[in-house]
Amino acid sequence: MATHVEGLVDEVYLPPAELARGAHCSSMEQYEQLYKQSIDEPETFWGEIAKQFYWRQPPTGAFHEFNFDASKGRIFVEWMKGAQTNMSYNCLDRHVEAGHGDQVAFYWEGNEPADSARLTYAELLQRVKRFSNALRSLGVRRSDSVALYMPMVPELLVAMLACARIGAVHSIVFGGYSSDALADRILDGHCRLVITADGVWRGNKLIKLKHITDHAVELCAARSHPVERVVVVRHLPRLHHLVPSVGDQADGSEPYDVKTGWNSGRDLWWDEALEGVSDECEPEWVDAEHPLFMLYTSGSTGKPKGVLHTTAGYMLYVATTFKYSFDFHPEDVYWCTADIGWITGHSYVTYGPMLNRATSVMFEGTPFYPTGDRMWEVIDKYAVSKFYTAPTAIRALMRLGDETVKRHSRQSLKVLGSVGEPINPEAWLWYHRVVGDARCAVVDTFWQTETGGHVITPLPGATPTKPGSACRPFFGVQPALLDEQGVEIHGPGEGYLVFRRPWPGIMRTVFGNHERFETTYFKKFNGFYCTGDGARRDEDGYIWVTGRIDDMLNVSGHLLSTAQIESALIEHADVSETAVVAAPHSVKGECVYCFVTTRHGVAWTEQLKKQLILKVRERIAPFAAPDYLQYAPGLPKTRSGKIMRRVLRKIAQGDRDLGDLSTLADPGVIEPLFEHRCAGAGGALH
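Residues numbered from 1 in each chain as written. Predicted model: local features only at pLDDT ≥ 70, side-chain atom pairs only at ≥ 80, totals over all residues. Heavy atoms only, no water.

J.: Can you help me understand the domain arrangement of the protein chain in this one?
T.: Note on interface size: it is often stated as the accessible area lost on association of the parts. Here the domain parsing of the protein chain yields domain 1 (86–244 + 257–366) and domain 2 (550–676). Taking the mean C-alpha position of each, domain 1 and domain 2 sit 36 Å from one another. (Domains from an automatic or database assignment.)

J.: How do you make sense of the pairing of strand β21 (residues 479–482) when you look at a structure like this?
T.: The side-chain alternation of β21 yields two buried faces, one formed by Pro 479 and Leu 481 and the other by Ala 480 and Leu 482. Two elements, β21 and strand β23 (residues 493–499), share four bridges in a ladder whose sense is antiparallel. Considered in β23, the bridge of Leu 482 is made with Tyr 496. Here β21 runs beside strand β22 (residues 488–489); their pairing, made up of two bridges, is antiparallel. Looking across to β22, one finds that Leu 482 is bridged to Glu 488. Hairpin connection from β21 to β22: five residues lie between these consecutive antiparallel strands, with Gly 486 at a positive phi of about 85°. (Buried < 20%, exposed > 50% of the residue type's maximum accessible area, 1.4 Å probe, protein only. Helix = DSSP H or I, 4+ residues; strand = E, 2+ residues; numbered from the N terminus. Pairing = 2+ DSSP bridges.)

J.: Please explain the pairing of strand β6 (residues 145–149) as it appears in this structure.
T.: Two faces belong to every sheet, and in a regular strand the side chains alternate between them. With five of five residues buried, β6 lies mostly within the body of the structure. The alternating pattern of β6 places Ser 145, Ala 147 and Tyr 149 on one face and Val 146 and Leu 148 on the opposite face, and all of these are buried. Looking at chain direction, β6 and strand β7 (residues 169–172) are connected through four bridges and run parallel. Within the sheet, the bridge partner assigned to Val 146 lies in β7 and is His 170. With helix α6 (residues 154–166) bridging β6 and its parallel neighbour β7, the resulting β-α-β unit is right-handed. (Right-handed = clockwise from strand over helix to strand, strands pointing away.)

J.: Looking at this structure, how should I read the sheet that holds strand β29 (residues 575–585)?
T.: Paired through their backbone hydrogen bonds, the strands of a sheet run either parallel or antiparallel. Strand order in the open sheet formed by three strands is β29-β30-β31, with mixed pairing between adjacent strands. The open sheet has two free edges, formed respectively by β29 and β31 (628–631), since each of these has just one partner strand. Pairwise comparison of adjacent strand axes, ignoring direction, gives a mean angle of 25° for this sheet. Seen against the sheet, helix α18 (residues 606–619) touches β29, β30 (589–598) and β31 and runs at an angle of roughly 130° to β31. (Axes fitted to C-alpha atoms, helices over the stretch in contact; angles between N-to-C directions. Contact = heavy atoms within 4.5 Å.)

J.: Quick question: what am I supposed to make of the packing of helix α17 (residues 562–570) against α18 here?
T.: Two measures define how a pair of helices packs: the angle their axes make with one another and the distance between the axes. Where α17 meets α18, the closest approach of the two axes is 9 Å, and the angle between their N-to-C directions is 125°. The angle between α17 and α18 places the two elements in the oblique class. Of the two elements, α17 crosses α18, and the hand of that crossing is right-handed. Facing α17, whose interface residues are Ile 565, Ala 568 and Leu 569, α18 presents Leu 612, Lys 615, Val 616 and Arg 619. Of the residues in the contact of α17 with α18, the class split is five nonpolar, no polar and two charged. (Parallel < 35°, antiparallel > 145°, perpendicular 65-115°, else oblique. Left-handed = near helix turned anticlockwise from the far one by under 90°. Nonpolar A, V, L, I, M, F, W, Y, C, P; charged D, E, K, R; others polar.)

See the structure below:
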């Protein structure tokens, strides 16, 4: 129930009393003390946390150095200079050596409810050691890049931890990306070895991962980058849901034969790679700033950028955010529904939970297969106490009605997390009242691939929450709001969300392109890291993230570049010009709305629209496919030729309050765009 708290203007939801009593941070007074120390004495604050982990060598230089001001020289961030450690050791060996080897690390829940497994810390350590040796036998060495294009199976955990163990840099590509997108990431990351699987069922759809990988490898070879080895997990034969015969194929296609395109000199089954390898593998002790992984995110230029995270600072930060944001305790069972192909899966499926010796659920399926009860069935099956999912899933589950939730117990739940995009108040309240029975804390976490971990978030035992607000900054994070001229906004107001100093988990560079790193994040406002998001601060100091300010879209938690989609559309021979904007969507939060101008004499037809959708699916991924394609006789441009996207966003929403049009070169283009507007677009979130 919402209540008033002395000193706060709006109604808030207080932390559950039972949760607050045993919380790591149990009051706002304690939060303020810890936060102040993290800002005023970062070496003391993070140095104390560092004692929880194993260091082969402690720091020998400055604990913390940085430069955020491009006018003063190269942008850089360093933490714990001179220290040596290993992420795999801290996730596995440290716990097993302390006597916790028999503890379950992961309950694996397959796409089919009948497919499940459990993996202890000791079992996982042994598998990681063996696969580490297999990678070494295949020629992978310290600092080499390895691409992982895999489903949510235990081998994905093993592969990423094995890379970390031998000092290799993993580059995980979400299994929903196309062969073109996979090839781009293999090429940019200079990966010579790819790990994949034969295929995966996502709901009732078969994703032929090996065939997609084969095509990506061919594309790489055509661009003078031969992939030397492809290691393939035999996933499909072990499932209850076997590949159907041709008569059962939903799309009428031929049965899937993974051996089609098999290259005996390049391809190797996972189990064959493990034959004869040793069970022992000493970790590669790496420097604090040694690269741990790169993860590609969309850029406003259309070319994905490899966000590079390093070892020690990222380790400190994801472990600490996991512990405090979810108020994790050893008796908890934790479930993050994200795919490891996204940063949420890196930080809060694998590294954060394992550094805290958590027992987690790893989920291969979807929320609606085989029925809309699946989430709640899994929560009851494993007695999940801390649950973390996306607003898109929450809104979609809302549509199934309260009864779908209420026919399941959910009594184990204590904390409900939200990730990937700002959550609208209506969905927040449903999550709290229906899923959590109004007795669970809701933590709406704001962060990015670039930040490594939560940067603005409530703490479940301490923070009075407001539906739709990410609330307060995490320890070590100093947010600010700036106007377009870079002037700081003090007190209540709205502007660019920036950060004035680094925390340990922030990215260090864009792989192979430090200039792009500086330009994208630091040169807009000297002295600040620019998130690309807007935010407002209310009278109580709470932060409300309002969404992207730059030319990016956030669709179901997937960050997409408008330029990337436009580039795919313009490849079609019948298209002369395109512009892509975000439009509100009642389930996804934002959706892709495309304005398309055809070449002279080309008709706007349903067939052309289908071809354009297919083009985007092939070039990027199915989740990037346009929701709306509108014919545009002309596009609104300034006299210098720049497309006025703010006007197009208004048109997509059906809003005729277009603001200042004094710079519009041809006012005559506006009315035809309203006339051709797609019906049903622009349904705002409440």
